[in-house]
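Structural description and commentary
Chain by chain, the residues run as shown.
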Amino acid sequence: MIDLRINGELKHVDAPANMPLLWVLRDLLGLTGTKFGCGIAQCGACTVHLDGNAVRSCVLPVGSIGNRAVTTIEGVGATPSGATVQKAWLVAEVVQCGYCQPGQIMSASALLRTNPHPTDADIDAAMAGNICRCGTYVRIRAAIKTAAQIATAHAKDTEGAVDV
Amino acid sequence: MSEPWTPRLPATRKMPVSRRDFLKVGVAAGGGLFLGFAIPSARGAKLGVAHDPAFSPNAFIRIARTGAVTLIMPQVEMGQGVYTSIAVILAEELDVRLATVTLEAAPPNDALYGNPALGFQVTGGSTSIRAFWMPLRRAGAGARAMLIAAAANDWKVDPAACGTAAGEVVHAASGRRLSYGSLVDRAARLKPPANPTLKTPKEFRMIGTVVPRLDTPDKVTGKALFGIDALPPGVKFATLMASPVLGGKVIRVDDAAARAIPGVRQIVVLDDLVAVVADHTWAAKQGLDALNIVWEDGPNAHVTTEEILEQLKAASERSGAVAKSVGDVAKELGGAERVEARYHVPFLAHAPMEPMNCTVHVRADGCEIWVGNQVITRAQATAAEITGLPKDKVIVHNHLLGGGFGRRLEVDGIAKSVRIAQKVDGPVKVIWTREEDIQKALYRPFYFDRFEASLAGGKITAWKHRIAGSSVLARWAPPAFVNGIDSDAVEVAVDLQYEVPNLHVEYVRQEPSGIQTCFWRGVGPTHNIFVTESFVDELAHKAGKDPVRFRRDQLGKAPRLLACLDLVASKAGWGQVLPKRAGRGVAVQYAFGSYLATVAEVEVDEHGEVYVRRCVCAVDCGIVVNPDTVVAQLEGGIIFGLTAALHSEITLAKGRVQQSNFNNYRMMRINEAPKIEVHLIPSVEAPGGIGEPGTAAAAPALANALFAATGVRLRKLPVDRHALAAGTAA
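Keep in mind that what you see is a predicted model, and the values were worked out from it rather than measured.

Conventions adopted
Residues numbered from 1 in each chain as written. Chains lettered and ligands numbered in written order. Predicted model: local features only at pLDDT ≥ 70, side-chain atom pairs only at ≥ 80, totals over all residues. Helix = DSSP H or I, 4+ residues; strand = E, 2+ residues; numbered from the N terminus. Rg over C-alpha atoms; globule rule 2.2 N^0.38 Å. Pairing = 2+ DSSP bridges. Axes fitted to C-alpha atoms, helices over the stretch in contact; angles between N-to-C directions. Contact = placed C-beta atoms within 7 Å. pLDDT = per-residue confidence, 0-100. Domains from an automatic or database assignment. Buried ≥ 20, exposed ≤ 12 C-beta atoms within 10 Å, placed from the backbone. Arc of directions from axis to C-beta. Nonpolar A, V, L, I, M, F, W, Y, C, P; charged D, E, K, R; others polar. Core = buried A, V, L, I, M, F, W, Y, C linked by C-beta atoms within 7 Å.

**Observations regarding the overall build of chain B**
Scanning chain B from N- to C-terminus turns up 20 helices and 29 strands. Against the globule reference of 27 Å for 730 residues, chain B gives a C-alpha radius of gyration of 27 Å, in line with a compact fold. Summarising its shape, the C-alpha atoms of chain B cover approximately 80 × 75 × 55 Å along the three principal directions.

**Quick look at the sheet that holds strand β26 (residues 610-620) of chain B**
Residues and elements named next belong to chain B. A sheet is described by the order of its strands in space; here four strands give the open sequence β24-β25-β26-β29, paired in mixed fashion. Whereas interior strands pair on both sides, the edge strands pair on one side only; in this sheet they are β24 (582-591) and β29 (675-680). Neighbour-to-neighbour, the strand axes of this sheet turn through a mean angle of 15°, independent of strand direction. Here β26 pairs with β29 via six bridges, running parallel. Residue pairing for β29: Arg 614 is matched across the bridge by Lys 675. Most of the contacts of helix α17 (residues 559-572) go to β26, to which it runs at about 140°, and overall it touches β24, β25 (594-604), β26 and β29.

**Some thoughts on the confidence of the model for chain B**
Predicted coordinates in regions of low pLDDT should not be interpreted in detail. Residues and elements named next belong to chain B. Per-residue pLDDT for chain B averages 91, and the proportion of residues at 70 or more is 92%. Under a pLDDT of 50 for its full length, residues 1-51 has, in the predicted model, 95 contacts with residues more than four places off or in other chains. Across the interface, the model reports ipTM at 0.96; the global pTM reads 0.93.

**Let's talk about the domain arrangement of chain A**
All names here are of chain A. Under the domain assignment, chain A is made up of domain 1 (2-71) and domain 2 (76-158). Taking only C-alpha atoms, the centre of domain 1 and the centre of domain 2 are 21 Å apart. Contacts between the two partners involve 15 residues from domain 1 and, on the opposite side, 13 residues from domain 2. A total of three residues in the side of domain 1 that touches domain 2 trace back to one element, the largest contributor, which is strand β3 (residues 47-50).

**Some points on the pairing of β26(B)**
All names here are of chain B. With eight of its eleven residues buried, β26 lies for the most part within the structure. Summarising the sheet, β25 and β26 pair through ten bridges and their orientation is antiparallel. Note on β26: the bridge partner recorded for Glu 603 is Tyr 611. The hairpin formed by β25 and β26 contains five residues between the paired strands, and Gly 608 there has a positive phi angle of roughly 85°.

**Let's talk about unusual backbone geometry**
The residue after Leu717(B), namely Pro718(B), is reached through a cis peptide bond having omega 0°. Not every positive phi belongs to a glycine, and Asn7(A) is a case in point at roughly 50°. Looking at where Asn7(A) falls in the secondary structure, it is placed in the loop between β1 (2-6) and β2 (9-13). Residue classification places Asn7(A) among the partly exposed positions, given that 19 C-beta atoms sit within 10 Å. Phi is positive for Phe592(B), close to 55°, though the residue is something other than glycine. Tracing the backbone shows Phe592(B) in the loop between β24 and β25.

**Points about helix α4 (residues 120-127) of chain A**
Residue and element names in this part refer to chain A. Within the span of α4, buried status applies to Ile 123, Ala 126 and Met 127. What you see down the axis of α4 is that its buried residues fit within an arc of 85°, all on one side. The elements touched by buried residues of α4 are α3 (101-114) and α5 (137-158).

**Quick word on the interface of chain B and chain A**
With 57 residues of chain B at the contact, the number on the chain A side is 52 residues. Of all elements in the fold, only α1 (19-24), α6 (216-219), α8 (281-290) and α18 (627-647) of chain B reach the threshold of two or more residues within the side of chain B that touches chain A. Among the elements that make up the side of chain B that touches chain A, the one with the highest residue count is α18(B) (seven residues). Grouping the constituent residues of the side of chain B that touches chain A by class yields 33 nonpolar, 13 polar and eleven charged.

**What to know about the pairing of β3(A)**
Residue and element names in this part refer to chain A. Of the strand pairs in this sheet, β3 and strand β4 (residues 53-56) are connected by four bridges, and their pairing is antiparallel. Its bridge partner lying in β4, Thr 47 is registered against Arg 56. Hairpin connection between β3 and β4: a loop of two residues separates the two successive antiparallel strands, and Asp 51 in this loop has a positive phi of roughly 50°. Pairing of β3 with strand β5 (residues 69-71) involves two bridges; the strand directions are antiparallel. Bridge pairing in β5 places His 49 opposite Thr 71.

**Quick notes on the environment of Lys87(A)**
All names here are of chain A. Looking at where Lys 87 falls in the secondary structure, it is placed in helix α2 (residues 80-91). The exposure class of Lys 87 is buried, given the 24 C-beta atoms found within 10 Å. In this structure, the C-alpha to C-alpha distance between Lys 87 and Ala 110, residues 23 residues apart in sequence, is 15 Å.

**Points about the domain arrangement of chain B**
All names here are of chain B. Domain annotation of chain B identifies domain 1 (13-219), domain 2 (227-298 + 362-431) and domain 3 (305-347 + 443-726). A separation of 38 Å is found between the C-alpha centroids of domain 1 and domain 3. Looking at the side of domain 1 that touches domain 3 element by element, the count peaks at four residues for helix α2 (residues 82-94). Residues of the side of domain 1 that touches domain 3, tallied by class, amount to eight nonpolar, nine polar and one charged.

**A look at the nonpolar core**
Residues and elements named next belong to chain B. If you look at the biggest cluster of nonpolar residues, it comprises 286 residues, and the most contacted ones within it are Ala 87, Leu 90, Ile 369, Leu 702 and Leu 706. Looking at this core, the element that brings in the most residues is helix α4 (residues 128-155), giving 14 residues. Not counting residues up to four positions away in its chain, the partners in contact with Leu 706 are Gly 583, Gly 585, Val 602, Val 604, Val 610, Val 712, Leu 714, Val 719 and Leu 724.

**Remarks on the environment of Val394(B)**
All names here are of chain B. With respect to the helices and strands, Val 394 occurs in strand β19 (residues 394-398). Once the C-alpha coordinates of Val 394 and Gly 366 are considered, the two residues, 28 residues apart in sequence, prove to be 5.9 Å apart. If near-sequence neighbours (up to four positions away) are discounted, Val 394 is found in contact with Cys 367, Ile 369, Gln 380, Ala 383, Ala 384 and Leu 389.

As structure tokens, this is what we get:
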């Protein structure tokens, strides 16, 4: 048995240590929001967070995770950057077929967590590992900038706020 | 009696975006939209929304006594926004708020849900809005008229004195109102009107406005279910290896190592494929890798792309079936200024992000299928044929599609999965690896084109075009292949928008060995717009005229296209000076009922590497249901077309497809994506299709821009960097 912390919950899974996290999530835990696209870390559809950093779950052996926190698309809305990115994705109406978008959102939210005001070059560097066959790139770029604006506006709203 | 297909629906849910955030970023997106989204789910009936269809005036609308409105979607959602567009059209005429509707995928039924443009239940060819525009409006308006009649009867007033407002019938004179829900039993006893009065475009409240897509909230939270997400209770997981050569057979399988892998349950060996069934996909994949399969490759063992190209080239030298002939081309071509060119375009895979997959449970008394497919009645019929079951015993749960692009207009994967499932006790989910998805597929045809044309006074006087290639239609819809003509393969070529007095177009059917061909986004026009608009550019160059000017001068009979060209030239800054090795290219088209002009702007470095900086489109696609969807489809379509033009080619060696995954079947990524601007021309004409025009526009605009930047004319795809670097014609 392997213990995993996924979206804040402890899960025990009966899986071989070399089994990629992707299939543990999808086939053993029924968390199907994380998608299979290529199996060789070329497309990013399987992106999840390990301690907030984007990783490709299709090549991540489940036995290598240890006590690091796993966040998937089902749980990323509970993080500040994840919630903001999901909002921005709807505002910019990014999505077409939607299959790659969980991975796109995971990559974008990991980017914004460490870089709240990414430049175009930062966006290219962080997002070039995620393929979108529907070609939503123009809107992904816009949505990441929108997310940065939402986060900035939110920070200003709460700045100096006093809890009473 | 067969049980009607009942998708299980999640509860109504609020769009997870606060109005405040919408306003904050300055986007009028109608926050607070409530919607129920019917996702066929394998996760049990408890997710179901209870609806009692007290009033079902037609196949598309059900209204319960509670007033709950369910709209049935005859077309599948694969990213093109059609669920939202269809809902908008129905809700507009029915006069209900979109916020109150639930969407449900239609069950397989050609009679009720057949695509009026294609004769059966199919989503493709950019036909959804074109074909369903009037039937859906009539369905909505008819239901509304029945509800009005029911209320008017009750009130003993003239129905003409009554109106509706957001789900209620209103008698303005007396101020009385009745909700649709309270009228359903009385309305259900009335006869649907033969010719209900439709709204005039001026009365539209939703059509033509930006409506937030109904399918996206679940797609950003991971809740949306695609075919690959089906998990019926007790499901096992399988992956397969079909013969690497088309037509090959399994001779023997050594499965000892595979069986030793924990989690592997069963090895299914059929004559043309082997599948490993396991407790999870990883064990299945490990098991497949551990098999030692000996194949008999069969007659296609030595097929190569070079050989197929030679066959097509030879075919293009034969006379073909005449698809169109106007004037006297032979006589005119005898004149002075004559231009000849040959073009060819490669096989292409679709590579949707959701790899092929299908979950099947075959029992003695029935078969259940979970899949996302563009031809659901064919899926059902295929399973019935394989299992010997009557069609009504085959239940198909159609899902959201993680990309279609034509790949899911085929049922080959469903057939293989059903054959595998016949050997498995209980439900089995069969997943194609990406390698299997790319290598054992059907592909966009390889076409070879031959052109001859003559010029006089800066205009085209004669045009001869011969197209050689395989016929998708002859296989996919045999009755549509008439007199040796594949109407898809010659589309656009026979309908040139330029004023050409002498025009002759022929088609030569040449089926390649060892590879099957099928529709691919943009179908015939993706090929023909590339070759014809590239050749027109060659003629402009020969005539010594600016490419926009050359086209303008010959589009006198196509005012809508001319308007697109003028607008795009202006918006793109056509004629403004660009740096060395940068260039602009233009392409114009009338296809799928829409007019489109596109300008691409590129730069080329000394190594021949291409940077697409910007694409500008001007489109007239008639009445627009959702302008933002039109823009999105053009943006995405252009990226799809640029990807193919810059990177994509499926090749064969020893009968085997040589590309396998995204490392060698390359996709455009965000760092390569150009800026894209779309300009819509307002129109009151009938709606045109928009899912495919952008894809068809990309390659010719790009190739013409590359010519402007380098002087190198690209007559084959994908773009040849060596030719661009060397400055020689490809």
